[in-house]
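Read off the chains here:
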Amino acid sequence: MTSADSDARSTPSGAVGPLRGIDLDIGGMTCASCANRIERKLNKLDGVEASVNFATESARVTAPVDLDPKVLVGTVAKAGYTATVPAGAAGAAGAAPSGGMSSGRALSAPAGSGAAGPSGASGSSTGSAGEGPADPEPSDVEPVDPELVTLRQRLIGAAVLGIPVIALAMIPALQFTYWQWASLALAAPVIVWAGWPFHRAALINARHGAATMDTLISMGTTAAFLWSLYALFLGDAGMPGMHHGFDLTIARSDGASTIYLEVAAGVILFILAGRYIEKRSKREAGAALQALLHLGAKDVAVLRGGTEVRMPIGDLAVGDEFVVRPGEKIATDGEVVSGHSAVDASMLTGESVPQEVAAGDAVTGATVNSGGRLVVRATRVGADTQLAQMAQLVKDAQSGKARVQRLADRISGVFVPIVLGIALVTLVVWLLTGHGAEAAFTAAVAVLIIACPCALGLATPTALLVGTGRGAQLGILIKGPEVLESTGDLDTVVLDKTGTVTTGRMTLVDVHPADGVDTETLLRRAGAVEDSSEHPIAQAIARGVGERIGDLPEAIDFEALPGRGARGVVDGVLVSVGRVAGADGADGADGVVGADRADEVDAIRVPSELAAFQESAQDAGRTAVLVAWDGQARGVLTVADALRPSSADAISRLRELGLRPVLLTGDGRTVAERVASEVGIDEVIAEVMPEDKVSVIARLQSEGRKVAMVGDGVNDAAALAQADLGLAMGGGTDAAIQAADITLVRSDLRSAADAVRLARRTLRTIRGNLFWAFAYNVAAIPLAALGLLNPMLAGAAMAFSSVFVVLNSLRLRTFRADAR
């Protein structure tokens with residue numbers, strides 16, 4: 001995930017000389033304010049411009065070429081976090097070019113430096129620059145994330161020990177003699193060990209003069225714990241037979257007979273659960289880049305002195321000639337030296353029809369040779385290939401997204417300093433008005449305790465958990481809370497054509513026999529010839545014919561005609577099938593297609609009716625194939641990328657959600673406009689390359705639109721990442737799925753409308769949860785400050801607010817897909 005560019009460009013203020021780009025993986029961030037702090041520290045360096053993305057846990061830095069990346073790493077470490085410079089950018093002179101695919105050891109901050117993440121680990125990142133061409137085949141075993149493992153351990157420990165503490169405090173029937181001391185034994189490890197990441201982050205924030213949600217969590221739970229210790233050892237709470245009652249009246253209390261262990265343990269438990277859910281949702285943030293790089297070939301058959309030598313792709317050099325057999329991936333960008341074939345480039349370009357290539361034609365790495373043997377001369381390798389450049393586009397689009405701040409963090413950004421101020425003012429006022437230190441401290445601690453964000457911490461993760469769980473049941477996979485924020489104000493949906501609006505599979509769509517020709521005979525003979533061919537269009541015809549008439553006869557003396565089609569003997573007749581255009585006849589009525597071989601008996605005559613049908617089919621964007629025998633064209637078969645049956649209905653549903661549909665495709669305009677008219681799309685953007693798709697999304701965004709993108713191919717991955725909301729069809733590539741915010745498992749475009757509805761409803765639920773959780777604090781804090789908040793009433797109110805948030809979130813289980 002590293003890029004560098006040594007070309008001279010305009011420099012930031014104070015910088016002299018050329019610049020390069022360096023990406024950092026950042027560890028230890030717990031909220032958006034952490035990202036802001038790191039960004040400010042980096043931007044103070046001479047000639048440095050930095051943008052830190054909390055959602056992707058990364059930083060994009062533009063710096064002078066002579067700046068040692070260790071300076072950047074050290075600056076982040078001094079701010080209290082960890083940084084990793086992925087392999088390829090560890091030295092000023094050794095930076096990989098854009099889209100670098102080199103491998104090596106990453107440069108990182110010393111272990112133990114910087115803030116711990118929620119797990120308490122040092123926050124080091126394990127991200128890599130991507131598989132290099134010579135890297136081994138990627139393992140199917142999911143890599144272990146030490147931070148996630150440690151976080152899970154803390155969460156499990158907090159749940160096992162904390163739940164009994166909460167139950168003992170809230171259910172009087174369970175309060176046996178000395179139950180309070182059992183609660184202390186159970187709660188202490190939760191507060192000290194499980195809550196250590198929050199305490200450590202709060203200390204680091206304090207050293208830098210900042211306050212975040214971690215500050216409030218740490219201060220509230222620590223205050224509750226310390227006051228409980230005071231009440232147990234120096235007050236009356238440690239006496240045998242002490243019980244928590246349910247006195248719902250508001251009255252003054254000295255606090256010396258009340259413990260708050262369940263509050264402290266419960267807050268730690270719930271916040272850990274929220275952090276764990278969030279960490280899992282962001283775990284594969286950089287997987288789109290890896291999916292792209294894994295798409296390429298891993299080895300190649302290079303010609304050395306006329307002999308094929310199999311070698312790793314990393315050893316291939318510009319100018320080398322290599323062999324590509326049918327079904328193999330083309331190893332790198334190059335030019336065909338010899339051979340003729342059809343190349344399936346749909347994974348990269350979105351073009352549904354395989355492209356015929358011959359000597360002199362350019363081919364692209366990672367595309368598939370569907371036909372004959374090719375010899376290709378390499379023209380670009382490594383980071384210069386189109387595949388590597390597309391990988392860089394995905395990374396750039398992800399890094400360029402607006403920084404996402406969770407709604408809870410936005411509230412806490414104002415809420416935390418205010419609560420701390422109120423607690424301090426409460427303490428001072430009570431002391432100045434002549435009350436004792438115990439009463440003053442009790443009121444101040446009550447403010448911190450009642451302000452502990454128990455319900456606030458549950459608001460987002462519970463709604464996300466229920467909403468995403470319900471979505472998974474419906475085939476809609478939502479990656480995380482940051483996804484939801486982009487759904488509320490969407491007004492445009494950009495749809496890829498191939499594999500999204502259409503099936504992405506060539507299909508026999510029409511049969512037009514000549515006058516007097518039996519349709520079944522036409523299909524049987526054409527299908528027999530095409531069944532012997534490995535060309536994708538031929539296979540589509542054979543498959544379609546087989547579905548219509550059943551088993552096909554075998555063609556004798558089959559012969560492929562490169563660039564023209566194929567022929568063979570069926571029923572004792574030489575049948576020719578191919579995409580050939582008829583020449584105008586002398587009389588303007590019939591056309592004549594010349595023979596392909598000198599020993600052809602007669603030229604093929606094409607009746608004007610078939611020629612007209614063929615031309616109209618081609619004008620409509622379909623592939624027209626002539627079938628001929630005995631020197632006469634007997635019919636035309638048309639092949640096209642078929643529409644998904646649900647596409648038109650899906651477009652209608654998206655319009656009902658206030659979204660304006662736009663068709664975006666690499667196919668020709670004729671094909672795109674035909675598809676758009678059939679499904680009800682008015683705006684069409686056709687004939688675009690992958691990099692142009694990103695530009696189109698960016699242009700729409702610059703016009704003030706909020707854009708959702710639906711796609712399925714590798715060529716869509718960068719655009720999916722650039723869009724405000726990316727939706728990937730589940731039948732698509734791993735790169736598209738990983739780059740998207742939402743995955744539609746069922747490959748049904750109607751799921752896109754359901755996904756937007758579910759995401760918006762989940763977002764509304766989160767906002768509702770946050771409102772009630774925040775309103776609870778606003779209403780309760782004044783009572784605590786006035787000394788009128790009975791501790792058990794506070795505990796009951798906090799429990800109720802949490803239960804309310806959970807029950808409100810569970811309403812998402814009633815969400816249903818639109819069954820029209």
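From a predicted model like this one, the values you see are computed outputs, not experimental measurements.

Turning to the UniProt feature "transmembrane region" (unreviewed entry) in the protein chain, a few remarks are in order. Look at the UniProt record and you will see "transmembrane region" (unreviewed entry) annotated at residues 155-172, 178-196, 216-235, 255-273, 411-433, 439-466, 770-786 and 792-810. Secondary structure across residues 178-196 divides into 89% helix and 0% strand, with the first and last C-alpha atoms of the span separated by 27 Å. The straight-line gap between the two end C-alpha atoms of residues 770-786 is 25 Å; of that span, 94% is helix and 0% is strand.

A separate point is the pairing of strand β27 (residues 707-711). In terms of burial, β27 is a largely internal element, five of the five residues being buried. Here strand β16 (residues 492-496) pairs with β27 via four bridges, running parallel. Looking at β27, one finds that L495 is bridged to V710. Taken together, the four bridges between β27 and strand β28 (residues 725-729) define a ladder with parallel strand orientation. Pairing of V710 across the sheet is with L727, part of β28.

On to the packing of aromatic side chains. The tally for this structure, following the rule as stated, stands at three aromatic pairs. Ring geometry for W227 and Y230: centres 4.5 Å apart, planes at 35 degrees, overall tilted. Of this pair, W227 and Y230 both sit in helix α6 (residues 213-233), separated by three residues, roughly a single helical turn. Since its relative accessible area comes to 4%, W227 is described here as buried. By relative accessible area, which is 24% here, Y230 ends up partly exposed. On the numbers, 5.2 Å between centres and 75 degrees between planes, the contact of F771 with W772 is edge-to-face. On the accessibility criterion, F771 (51% relative accessible area) is exposed.

Under the counting rule described, the total for this entry stands at 22 salt bridges. Across the pair R699 and E703 runs a salt bridge whose closest N-O atoms are separated by 3.2 Å. The exposure class assigned to E703 is partly exposed, which follows from its relative accessible area of 47%. For E703, the salt bridge identified is with R705, shortest N-O distance 3.7 Å. Where salt bridges share partners, they join R660, E683, R699, E703 and R705 into one cluster.

With 12 residues, helix α5 (residues 196-207) ought to run about 16 Å at 1.5 Å a step, and its terminal C-alpha atoms sit 17 Å apart, in line with that. Listing the buried residues of α5 in full gives P197, F198, H199, R200, A201, A202, I204 and N205. Backbone geometry just after α5 places G209 at a positive phi near 70 degrees.

Another aspect to go through is unusual backbone geometry. The phi dihedral of Y178 is positive, around 65 degrees, even though this residue is not glycine. In this structure, Y178 sits in the loop between α3 (146-170) and α4 (179-194). Overall, Y178 belongs to the partly exposed group, its relative accessible area being 43%. Residues other than glycine seldom take positive phi values, yet E687 does so here, at roughly 60 degrees. Here E687 is to be found in the loop between β26 (683-685) and α21 (690-702). Owing to a relative accessible area of 56%, E687 belongs among the exposed residues under this scheme.

Moving on: the sheet that holds strand β11 (residues 355-357). Spatially, three strands are ordered β11-β10-β13 in an open sheet, and the strand pairing comes out antiparallel. Among the strands making up the open sheet, the edge pair consists of β11 and β13 (368-369). Note that strand β10 (residues 341-344) and β11 share three bridges and pair antiparallel. When the sheet's bridge partners are listed, V343 is paired in β11 with Q355.

Each value, and the rule that gives it
Residues numbered from 1 in each chain as written. Predicted model: local features only at pLDDT ≥ 70, side-chain atom pairs only at ≥ 80, totals over all residues. Heavy atoms only, no water. UniProt positions renumbered as here; feature names shortened; annotations may be inferred. Helix = DSSP H or I, 4+ residues; strand = E, 2+ residues; numbered from the N terminus. Buried < 20%, exposed > 50% of the residue type's maximum accessible area, 1.4 Å probe, protein only. Pairing = 2+ DSSP bridges. Phe/Tyr/Trp six-rings, centres within 6.5 Å; stacked < 30°, edge-to-face > 60°. Salt bridge = Lys/Arg side-chain N within 4 Å of Asp/Glu carboxyl O. Expected span 1.5 Å × (residues − 1).

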